[in-house]
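Topology and contacts: notes
Chain by chain, the residues run as shown.
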Amino acid sequence: MSGAGAADRDHVDGSGIRVAIVAGQWHDEIAGGLLAGAQREVERLGATAEVIAVPGSFELPVVAKAALEAGFDAAVALGVIIRGGTPHFEYVSDAATSGLTRVAIDAGKPVGFGVLTLDDEQQGLDRAGLPGSKEDKGAEAVHAAVSTVVTLRRLRVLA
């Protein structure tokens, strides 16, 4: 299972951290689970968030970029891409992954990666943070983003 060896989500003080949760709308049940997990983690860490819906995973990078430019401390990208019978899966997966990486590096701000690239729907249900899921990738993406904001702030103080 992909979650084997995952880091613990220790408590990080997210007070004062503003997160844009950019959420794709494809595959309602899985996407809804990712979003709910992300929102739970924002609350647990004491951060604040605004949810920004986008049509699908291809649109995540441009909206994450706009959110970071608008002043959010971090963006969390949530999306669901399920392999089909055409190369579309590879194109969208690569565009989302490469685009979000570029946004984070160019902005100098974290982008939590909660984009599930799946062979089938069951893999998504197992990772969506739903009752019976083995993993909560929405929560993990928020934790990674908020933890990285804290780390970057600490580095700026040390510099």
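Calculation rules
Residues numbered from 1 in each chain as written. Predicted model: local features only at pLDDT ≥ 70, side-chain atom pairs only at ≥ 80, totals over all residues. Heavy atoms only, no water. Helix = DSSP H or I, 4+ residues; strand = E, 2+ residues; numbered from the N terminus. Contact = heavy atoms within 4.5 Å. Polar contact = N/O pair within 3.5 Å; in protein donor to acceptor, adjacent residues only side chain to side chain. Core = buried A, V, L, I, M, F, W, Y, C linked by side-chain atoms within 4.5 Å. Buried < 20%, exposed > 50% of the residue type's maximum accessible area, 1.4 Å probe, protein only.

**Quick look at the environment of Ile 82**
- Inspection of the secondary structure assignment puts Ile 82 in strand β3 (residues 74–82).
- The spacing of Ile 82 and Ile 105 is 23 residues in sequence and 27 Å in space, taken between C-alpha atoms.
- Setting aside anything within four residues of it in sequence, one finds Ile 82 in contact with His 27, Ile 30, Phe 89, Leu 118, Asp 119, Asp 120 and Glu 121.

**Some thoughts on the side chain of Arg 127**
- For Arg 127, the location among the structural elements is in helix α4 (residues 121–127).
- At 2.9 Å, the side chain of Arg 127 and the backbone oxygen of Gln 123 are in polar contact.

**As for the nonpolar core**
- Counting residues in hydrophobic clusters, the biggest one holds 24 residues, and the most contacted among them are Val 19, Val 76, Leu 78, Val 142 and Val 146.
- For this core, the elements supplying multiple residues, two or more each, are β1 (18–24), α1 (28–45), β3, β4 (111–118) and α5 (137–158).
- A per-element tally of this core places α1 first, with 6 residues.
- In this view, Val 76 contacts Val 19, Ala 20, Ile 21, Val 22, Gly 112, Ala 141, Val 142 and Ala 145; residues no more than four positions away in its chain are not counted.
- Membership of the second largest hydrophobic core comes to 14 residues, among which are Ala 64, Leu 68, Ala 75 and Val 111.

Worth remembering: the numbers are spatial, not functional.
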